[in-house]
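What follows is each chain in one-letter form.
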Amino acid sequence: KNLLYCLGSFETVTYRYLNISVVEPGRKAWHLIKKEFGDSVFHENGQLNREVLGEIIFDDVEKRKRLNEITHPEIYSEMFWAAVRCFFQGKQFNPD
């Protein structure tokens, strides 16, 4: 599902892309996830182990809520800055 599309270009930002980018090693959400859930939810190379984290949050509403509290503000921030970049590049914003 596209959340942001800048007309006049092929730049499409998807929720999946944003969700992946905010948990890259070194990013704010990455650090917060590490602090909240520990090293066991990461691969040796520092990448988030989504399968392990998914197992932790699947049946635990509170842990899932906490993960969302960590990632959603970062995703919204990424969406905002993507829209700002499109605006300053002279592209039209279409929220559909």
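See the structure shown above.
Computed from a predicted model, the values in this text were never measured in an experiment. (Residues numbered from 1 in each chain as written. Predicted model: local features only at pLDDT ≥ 70, side-chain atom pairs only at ≥ 80, totals over all residues. Heavy atoms only, no water.)

Draft legend 1. Representation of the pattern of salt bridges. All chains considered together, the criterion is met by five salt bridges. A salt bridge links Lys 28 to Glu 74; the shortest N-O distance between them is 3.8 Å. Taken together, the positions of Lys 28 in helix H2 (residues 28–37) and Glu 74 in helix H4 (residues 61–88) put the pair 46 residues apart, joining distant regions of the chain. Given the relative accessible area of 53%, Lys 28 is considered exposed. (Salt bridge = Lys/Arg side-chain N within 4 Å of Asp/Glu carboxyl O. Helix = DSSP H or I, 4+ residues; strand = E, 2+ residues; numbered from the N terminus. Buried < 20%, exposed > 50% of the residue type's maximum accessible area, 1.4 Å probe, protein only.)

Draft legend 2. Layout of the side chain of Asn 49. Looking at the secondary structure, you find Asn 49 in the loop between H2 and helix H3 (50–58). Owing to a relative accessible area of 14%, Asn 49 belongs among the buried residues under this scheme. Not counting residues up to four positions away in its chain, the partners in contact with Asn 49 are Val 41, Phe 42 and His 43. (Contact = heavy atoms within 4.5 Å.)

Draft legend 3. Representation of the nonpolar core within the structure. Ranked by internal contacts, the top residues of the largest apolar core, which has 14 residues, are Ile 33, Phe 37, Val 41, Leu 48 and Leu 53. Looking at which element gives the most residues to this core, the answer is H2, with four residues. Beyond its immediate sequence surroundings of up to four residues, Ile 33 is in contact with Val 23, Gly 38, Val 41, Phe 42, Leu 48, Leu 67, Ile 70 and Thr 71. (Core = buried A, V, L, I, M, F, W, Y, C linked by side-chain atoms within 4.5 Å.)

Draft legend 4. The arrangement of the packing of H2 against H4 in detail. Packing of H2 against H4 leaves a shortest axis separation of 9 Å and a crossing angle of 165°. Between H2 and H4, the crossing angle belongs to the class labelled roughly antiparallel. When you trace H2 past H4, the crossing you get is right-handed. Here Lys 28, Ala 29, Leu 32, Ile 33, Glu 36 and Phe 37 of H2 lie close against H4, whose contacting residues are Lys 63, Arg 66, Leu 67, Ile 70, Thr 71 and Glu 74. Residue composition of the contact of H2 with H4, grouped by class: six nonpolar, one polar and five charged. (Axes fitted to C-alpha atoms, helices over the stretch in contact; angles between N-to-C directions. Parallel < 35°, antiparallel > 145°, perpendicular 65-115°, else oblique. Left-handed = near helix turned anticlockwise from the far one by under 90°. Nonpolar A, V, L, I, M, F, W, Y, C, P; charged D, E, K, R; others polar.)

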